Amino acid sequence: MTFREQYENTFTVTADTPPENLPDASYFAGVFYDLPEFFNEQIPTVLCGGSVRINEALSLSYAPLDCRMLLYTLEGEGSLLIEGQRRPLNVGTLLYLDRSKCSFSMHVEMGFWHFIVFSFRGGHFPVYESMAAFDTFLLAQVVGHSSVPRNLKQLLSGDPGAALANKLQNAGLLTAIVTELLAKTLDHEPPEEAQKKYAPYLRELKHYMDSHPNRPLKLEDLARHSHMSKYRICHEFSDAFGLPPIKYLNKRRMESAENLLLSTEKKVHEIALETGFENTNHFIRLFKKEYGSTPQAYRETHQS
């Protein structure tokens, strides 16, 4: 049985739309790659992948399949339901998942989600995973000067043919993406004791800002939500996470903006609005302070 047949046998899509109007399974997988005759799982090999846009509310269900999957959200928002828990898949979120271990589903409630997805097999990923806190899946927010968006873009522009040169290039890009993800997990995972000293309301506020960085939010809103004074919130949030809450929120917005600059063709003012800045000039000033150049100059430098 070909991988395409295996994929289609383990995938279902459901929506309110009549079945005849829904795309078939292959649409959500992207392009199915040609496998070379020598394929023996010694090197990481892309099985399928591409850029997927969903413009309606629907659910995607996946049964176990012998492969790993990378999914990176470019626009909109979906959610992952796995092991009884629902996790948001918002802009800049990278999902790495071992599909062989369990069933899971993904959902589009708001009616729009644009993501890059790749299924692959082979290589030494189990060895890498054994060094990190990995069981079935990892979720990470791609931040800072990460090479992940650029490497995913290169994978997208690659050739799905069976030529050895194509396979070696894809293997290098996949390895770079996964090892960066696992390395960041090791670098930034705080010890359990450190998490316990944070008041629950601080973790709740941080989680909300991490999940919804583009929503309008003022310090007064945080104070009302937490039933705490603005002074106390600023002081305790800074002690816990290194920045006052609004500066932390703006930093998260800057990270989302950087991802959009490098992974989409949207104009600067569109990115400003999408990441929570109503004033484009204010956005440009903050971006230049954070990254040392204007958004447009940053895009041109890193995409050249």
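Residues numbered from 1 in each chain as written. Predicted model: local features only at pLDDT ≥ 70, side-chain atom pairs only at ≥ 80, totals over all residues. Heavy atoms only, no water.

**Details of the sheet that holds strand β3 (residues 45–54)**
With antiparallel pairing, six strands are arranged side by side in an open sheet as β2-β3-β10-β5-β8-β11. The strands lining the two open edges of the sheet, one partner per strand, are β2 (31–32) and β11 (137–141). Sheet topology note: the strand β5 (residues 68–76)/strand β10 (residues 113–121) ladder contains eight bridges and is antiparallel. Residue pairing across strands places Y72 opposite I116, the latter belonging to β10. On the sheet, helix α4 (residues 148–157) packs against β3, β5, β8 (93–98) and β10 and is oriented at approximately 75° with respect to β10. (Pairing = 2+ DSSP bridges. Helix = DSSP H or I, 4+ residues; strand = E, 2+ residues; numbered from the N terminus. Contact = heavy atoms within 4.5 Å. Axes fitted to C-alpha atoms, helices over the stretch in contact; angles between N-to-C directions.)

**Quick word on helix α10 (residues 245–263)**
Its 19 residues place the ends of α10 27 Å apart at the C-alpha level, agreeing with the 27 Å of an ideal helix rising 1.5 Å per residue. Of all 19 residues that make up α10, 15 are buried, and the element is covered over most of its length. (Expected span 1.5 Å × (residues − 1). Buried < 20%, exposed > 50% of the residue type's maximum accessible area, 1.4 Å probe, protein only.)

**Brief notes about the environment of M254**
Of note, M254 is situated in helix α10. Through-space distance from the C-alpha of M254 to that of I54 is 25 Å; in sequence the pair is 200 residues apart. Apart from residues lying up to four places away in sequence, M254 is in contact with F277, F283, L286, F287, E290 and Y291.

**What to know about the confidence of the model for the protein chain**
Counting all residues, the mean pLDDT for the protein chain is 85, and 93% of those residues have values of 70 or more. Mean pLDDT values over the elements of the protein chain span from 43, in helix α6 (residues 192–196), up to 95, in β10. (pLDDT = per-residue confidence, 0-100.)

**Here's the deal with the environment of R252**
Following the sequence through the fold, R252 ends up in helix α10. A relative accessible area of 6% places R252 in the buried class. Separated by twelve residues in the primary sequence, R252 and T264 place their C-alpha atoms 18 Å from one another. With residues up to four places along the chain from it excluded, the contact list for R252 reads Q141, V143, D210 and P213.

**Points about the side chain of S79**
Structurally, S79 is set in strand β6 (residues 78–82). On the basis of relative accessible area, S79 is assigned to the buried category, the value being 5%. Setting aside chain neighbours within four positions, we find S79 in contact with R86, R87, P88, L89, S105, M106, H107 and E109.

**Focus: the pattern of salt bridges**
Evaluated as defined, the whole model comprises eleven salt bridges. Note that R68 is salt-bridged to D98, the shortest N-O span being 3.4 Å. Residue R68 is found in strand β5, and its partner D98 is found in strand β8; the two are separated by 30 residues along the sequence. The residues R68 and D98 share a single accessibility class, namely buried. Measuring nitrogen to oxygen at the nearest pair gives 2.6 Å for the salt bridge that ties R68 to E129. Residue R68 is located in strand β5, and its partner E129 is located in helix α3 (residues 125–130); the two are separated by 61 residues in the primary sequence. For the pair R68 and E129, a shared accessibility class is recorded, and that class is buried. (Salt bridge = Lys/Arg side-chain N within 4 Å of Asp/Glu carboxyl O.)

**Some points on the packing of helix α7 (residues 200–211) against α10**
At their nearest, the axes of α7 and α10 sit 9 Å apart, and the two run at 30° to each other. Relative to α10, the element α7 lies roughly parallel. Considering how the two elements wind past one another, α7 and α10 form a crossing that is right-handed. Contacts between α7 and α10 involve K206, M209 and D210 from the former and P245, Y248, L249 and R252 from the latter. (Parallel < 35°, antiparallel > 145°, perpendicular 65-115°, else oblique. Left-handed = near helix turned anticlockwise from the far one by under 90°.)

**Brief notes about the state of the cysteines**
A complete count under the given rule lists zero disulfides for this structure. Between C102, a cysteine without a disulfide, and C67, which holds the nearest cysteine sulfur, the sulfur-to-sulfur distance is 12 Å. (Disulfide = S-S within 2.5 Å.)

**Considering the nonpolar core**
Judged by nonpolar contacts, the single largest core of 33 residues is most densely connected at Y7, F28, I54, L60, L80 and M106. Not counting residues up to four positions away in its chain, the partners in contact with M106 are L58, S59, L60, Y62, L71, S79, L80, L89 and W113. Ranked by size, the runner-up nonpolar core spans 24 residues in total, among them Y33, F118, F120 and L155. (Core = buried A, V, L, I, M, F, W, Y, C linked by side-chain atoms within 4.5 Å.)

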